[in-house]
Amino acid sequence: MGDKAAKTLRSVARVLAVGGVAAVGLAVVVFVFALVAHGFDGMTGLDWVRKLLLLVGALMLITGGCGLFVSGRDRPSGTMTPHEDDTFRMFWHQIGMPWGAAVSVASIDFLVLGTLVDLVYFSVAG
């Protein structure tokens with residue numbers, strides 16, 4: 001495997017790991033909040049978690065796709081508008097992929113965890 005492919009796979013693995021931690025963290029916080037807010041009803045907690053994880057995952061996928069769609073577009077060159085944004089350039093340098101691709105890859109964690117919670121919710125409810 002080439003060096004570029006190995007670097008890309010490491011970047012994807014890093015984004016998936018961070019996205020997984022974020023998805024689990026969001027799930028725990030939402031579950032605890034819903035549990036306390038609804039009288040310690042576990043089914044309501046699972047319902048909130050599944051809905052929010054699927055919603056955030058879908059929004060991340062849309063945002064990442066839009067970011068990929070416009071990421072290569074040239075900016076007007078002039079004195080007031082820079083040609084390249086330093087923040088996005090540093091993100092690409094640190095992570096190894098453009099922010100749109102990273103958000104799209106991280107959305108996989110949210111969608112997969114949301115689907116697993118969805119399966120648990122309906123297996124317990126039925």
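These figures come from a predicted structure and were not determined experimentally.

(A) Inspection of the overall build of the protein chain at higher detail. The secondary structure content of the protein chain amounts to four helices and zero strands. Of the regular secondary structure in the protein chain, the N- to C-terminal order runs α-α-α-α. Taken across its 126 residues, the protein chain has 27% of its residues classed as buried. For the protein chain, the proportion of contacts with a sequence separation of at least 24, taken over those separated by at least 6, is 72%.

(B) Just the nonpolar core, in detail. V15, V49, L53, M97, F110 and V117 are the most contacted members of the largest nonpolar core, which has 16 residues in total. When contributions to this core are tallied by element, the ones reaching two or more residues are α1 (3-37), α2 (42-70) and α4 (99-125). Residues within four places of V49 in sequence aside, it is in contact with A27, V30, F31 and V117.

(C) Up close: unusual backbone geometry. Of note, F40 is a non-glycine position whose phi angle comes to about 60°, a positive value. Within the element layout of this structure, F40 appears in the loop between α1 and α2.

Rules behind the numbers
Residues numbered from 1 in each chain as written. Predicted model: local features only at pLDDT ≥ 70, side-chain atom pairs only at ≥ 80, totals over all residues. Heavy atoms only, no water. Helix = DSSP H or I, 4+ residues; strand = E, 2+ residues; numbered from the N terminus. Buried < 20%, exposed > 50% of the residue type's maximum accessible area, 1.4 Å probe, protein only. Contact = heavy atoms within 4.5 Å. Core = buried A, V, L, I, M, F, W, Y, C linked by side-chain atoms within 4.5 Å.

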